[in-house]
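Residues per chain, in single letters:
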Amino acid sequence: MSSSDIFIGETIGTAILILLGGGVCAAVTLKASKARNAGWLAITFGWGFAVLTAVYTSAPLSGAHLNPAVTLALAIKDNVWNNVATYMGGQLLGAMIGATLVWVAYYGQFQAHLTDKEIVGGPGAQATATKAVEAQEKGAGPVLGVFSTGPEIRNVVQNLATEIIGTIVLVLAILTQGLNDNGNGLGVLGALIVALVVVSIGLSLGGPTGYAINPARDLGPRIVHSLLPLPNKGGSDWSYAWIPVVGPLIGAAIAAGIYNVAFA
């Protein structure tokens, strides 16, 4: 795989991942969406199918890492670092493109949601409206969850540990059934297994933090949220943003170490 193939493949694949993954979050969250309030099952399966689609699309070009944590783990496992920056650059760019496309696809819903007094508060809103109170918090605005993750309980140690644990599960599942022998990406069954692992992590470990388990998945869309001209969008919660970046990278390094000791 050439550097250009890797960059293009990771950009396209991660854009699809975030378009479909962020898209299901938008569908469940925003007013005037037909899927509003569809719930956590819809989100977890939506992200799983997003992984499946993105892997199938990008595997022939780049091997479908789609996640800096996966790239780091494979580099540690094989002690090959040549294309790490290329992979991660494509992943971050793709995540930002995908998040922007979510905004385009749901433009009208974002406008309706973020101008609704029950959501953003203001004169005439119910003082006790939960959503209006949430919107007034300085950390996360009312639609940040469409773009990035956030904890239900803010506890740095617990939040970091949750992201580390979830990423260890993901990366071990990838490393133990891995890339196919000719290096052209995950096999057909492997892609399905990874997608189902992502669903499993979301159902079992996603409750505390929203299971980023992917630094690009969280950071790229958070940057886009901070830049988009969304009315009443609130903050991008940068004080939390390091956890879904550092946690998955730590988890990936631990998983690669476990693999090298136990499976290599």
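Use the structure listed above.
These numbers were taken from a predicted model, which means no experiment stands behind them. (Residues numbered from 1 in each chain as written. Predicted model: local features only at pLDDT ≥ 70, side-chain atom pairs only at ≥ 80, totals over all residues. Heavy atoms only, no water.)

**Q** Tell me about the overall build of the protein, residues and numbers included.
**A** Looking only at helices and strands, the protein has twelve helices and zero strands in total. The order of α-helices and β-strands along the protein, N terminus first, is α-α-α-α-α-α-α-α-α-α-α-α. Residues counted as buried form 50% of the 264 residues belonging to the protein. (Helix = DSSP H or I, 4+ residues; strand = E, 2+ residues; numbered from the N terminus. Buried < 20%, exposed > 50% of the residue type's maximum accessible area, 1.4 Å probe, protein only.)

**Q** Please give an account of the environment of Thr115 that cites residues and values.
**A** Tracing the backbone through its elements, the reader meets Thr115 in the loop between helix H5 (107-114) and helix H6 (117-120). Expressed as a C-alpha distance, the spacing of Thr115 and Leu230, which sit 115 residues apart in the sequence, is 9.8 Å. In this structure, Thr115 is in contact with Pro231 and Asn232, ignoring residues within four places of it in sequence. A polar contact of 2.6 Å, which involves the side chain of Thr115, links it to the backbone oxygen of Gln111. A polar contact is formed between the side chain of Thr115 and the backbone oxygen of Ala112, at a distance of 3.4 Å. (Contact = heavy atoms within 4.5 Å. Polar contact = N/O pair within 3.5 Å; in protein donor to acceptor, adjacent residues only side chain to side chain.)

**Q** Requested: an account of the packing of helix H4 (residues 84-105) against H5, with residues and values cited.
**A** When two helices pack together, you describe them by how their axes are tilted relative to each other and by the distance separating the axes. At a minimum axis separation of 4 Å, H4 and H5 run at an interaxial angle of 75°. On the basis of their axis angle, the class for H4 and H5 is roughly perpendicular. Facing Val102, Trp103, Val104 and Ala105 of H4, the residues of H5 in contact are Tyr107, Gln109 and Phe110. In terms of residue class, the contact of H4 with H5 is made up of six nonpolar, one polar and no charged. (Axes fitted to C-alpha atoms, helices over the stretch in contact; angles between N-to-C directions. Parallel < 35°, antiparallel > 145°, perpendicular 65-115°, else oblique. Nonpolar A, V, L, I, M, F, W, Y, C, P; charged D, E, K, R; others polar.)

**Q** Talk me through the side chain of Thr14; I want residue IDs and the actual numbers.
**A** Turning to its location among the elements, Thr14 is positioned in helix H1 (residues 3-29). If sequence neighbours within four positions are ignored, Thr14 has contacts with Leu66, Gln91, Gly94 and Ala95.

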